[in-house]
Amino acid sequence: MYAQMVKTDADKVRDISEMSPEERAFQERIDRGEKIEPTDWMPDGYRKTLIRQIGQHAHSEIVGQLPEGNWITRAPTLERKAILLAKVQDEAGHGLYLYCAAETLGVSRDELIELLHAGKMKYSSIFNYPTLNWADIGAVGWLVDGAAIMNQVPLQRTSFGPYSRAMIRICKEESFHQRQGFDIMMKMAKGTEAQRRMAQDALNRFWYPSLMMFGPSDKDSVHSAQSMAWKIKINTNDELRQKFVDQTVPQAEYLGLSIPDEHLTWNEDKGGFDFSEPDWSEFFEVLKGNGPCNRERMDARVKAWEDGAWVRDGLMAHADKRAAARQAAE
Amino acid sequence: MKKEWPLWEVFIRGQHGLNHRHVGSLHAPDAEMAIKNARDVYTRRKEGVSIWVVPSAQISASDPGAKDSLFEPSMDKIYRHPSFYDIPEDVGKM
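About the criteria used
- Residues numbered from 1 in each chain as written.
- Chains lettered and ligands numbered in written order.
- Predicted model: local features only at pLDDT ≥ 70, side-chain atom pairs only at ≥ 80, totals over all residues.
- Heavy atoms only, no water.
- Salt bridge = Lys/Arg side-chain N within 4 Å of Asp/Glu carboxyl O.
- Helix = DSSP H or I, 4+ residues; strand = E, 2+ residues; numbered from the N terminus.
- Buried < 20%, exposed > 50% of the residue type's maximum accessible area, 1.4 Å probe, protein only.
- Expected span 1.5 Å × (residues − 1).
- Disulfide = S-S within 2.5 Å.
- Phe/Tyr/Trp six-rings, centres within 6.5 Å; stacked < 30°, edge-to-face > 60°.
- Lys NZ or Arg CZ within 6 Å of the ring centre and 35° of its normal.

**Q** Which residues make up the pattern of salt bridges, and what values do they have?
**A** Residues and elements named next belong to chain A. All chains considered together, the criterion is met by 29 salt bridges over all chains. For aspartate 183, the salt bridge goes to arginine 80, with nearest N and O atoms at 3.0 Å. Separated by 103 residues along the polypeptide, aspartate 183 in helix α7 (residues 161–189) and arginine 80 in helix α4 (residues 78–103) bring together distant segments of the chain. Judged by relative accessible area, aspartate 183 falls into the partly exposed class, the value being 33%. The buried category is assigned to arginine 80, whose relative accessible area is 12%. Aspartate 238 is the partner of arginine 241 in a salt bridge, and the nearest nitrogen-oxygen pair spans 3.0 Å. Of this pair, arginine 241 and aspartate 238 both sit in helix α10 (residues 237–255), separated by three residues, roughly a single helical turn.

What follows is the structure, encoded as structure tokens:
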């Protein structure tokens, strides 16, 4: 999940009888499956929560370019390099679709970026892990994009029109991301013994951080309950995590790789796997900024933003000057 | 000096002679850059053969609150639809 633990400001989910007439009409529209559009009336909490969630989602797409961008110049073949470049370019595009969706709620893209750089907004915990070798690029596509898709497919049905439309576009483009990752993993898992070991090692390192992407169990969370009532969250974290595990285990088997979990067993009753929880204390450390690459990621983002300032300002000044000249000529 | 690039709405016409369709928005300093950026952001997979960009500030929109009264005139005119008319089967396709 690219948005984790998004807060709603709610201390409890209110019953329809406790709502103002406006709120009730709003909730009923959502319950009927209508889309909410930017100029429609919406509760303050809905607007604020969506800005947090979509903003965090956008930041994740942008920061998510860094671990993969790291391997563009070192891809093993020209074809792999072109593919990775296209994937990373897609992530930039996905970030832009999402910033635009957030902007319809009355926040500007620059504001969101500055909040991220000031440490007041987050991006997904997963991008604070390093990509140490080429097999990691396979694991990221297969597992990280796989987990993201699991979250994003239901979000196509989210209640907020611009978010839903951005998700539809993103999902259409994203399945290539997962498939190219799996393709790398297949090549390596069926390659030399050394390559197979690299593939296994990448799976070992990315497995639990991928499970963490869905966030800790939220079956008792007020925020999740509120977000689900608003249909800006469609499934619980545990549901999505279970689906991800059930989907991924057979794929690992196909690759001849083993999931690094000795407690992983098929549970006939629930029709899914039982599996070990990730180490949640590690997750909270990463969220606090103490993951292996937090500092590096933020430094890279801030540097890109600051180094690009003169280009942004210069192009704007040029455009203003030309517009003024055009006006004078009229 | 600090000024955010203005927002543009992007419209793209697909391959088969359809209308330009709104696909989203983006930031750019001017129209020329907006078209270039739209090419990269919205047509990475051959989605279009033509791009329009319009400054978002220039879009005028109907009032969502007035939706009911605005579209009311078309609500009760079912005779505008072909299915309103029963044509005997003997007449053949029409």
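Still to come is the rest of the account.
**Q** So what's going on with helix α2 (residues 44–63) of chain A? Which residues, and what values?
**A** In a regular helix each residue adds 1.5 Å, so 20 residues correspond to 28 Å; α2(A) covers 28 Å between its end C-alpha atoms and thus fits that length. Extensive coverage of α2(A) is indicated by the burial of 16 of its 20 residues.

**Q** Before we move on, could you go through the state of the cysteines and cite the residues and values that matter?
**A** Residues and elements named next belong to chain A. All told, the structure shown has zero disulfides over all chains when counted by the stated rule. Of all cysteine sulfurs, the one in cysteine 171 lies closest to cysteine 100, which takes part in no disulfide; the gap is 18 Å. The buried category is assigned to cysteine 100, whose relative accessible area is 7%.

**Q** Tell me about the packing of aromatic side chains, residues and numbers included.
**A** A complete count under the given rule lists 15 aromatic pairs over all chains for this structure. Considering the side-chain rings of A:Tyr97 and B:Tyr42, the 5.5 Å spacing of their centres and the 20° angle between planes classify their relative orientation as stacked. Linking A:Tyr97 in helix α4 with B:Tyr42 in helix α1 (residues 31–42), this pair reaches from one chain into another. Classification of A:Tyr97 as buried rests on a relative accessible area of 4%. A ring pair is formed by B:Tyr79 and B:Phe84, whose centres lie 6.3 Å apart and whose planes are at 75°; its orientation type is edge-to-face. Aromatic rings pair up to connect A:Phe26, A:Trp41, A:Tyr46, A:Phe160 and A:Trp230 into one cluster. Above the plane of the ring of A:Trp71 lies A:Arg74, whose end atom (NZ or CZ) is 4.7 Å from the centre. Directly above the aromatic system of A:Trp305 lies the positively charged group of A:Arg312, at a separation of 3.6 Å from the ring centroid.

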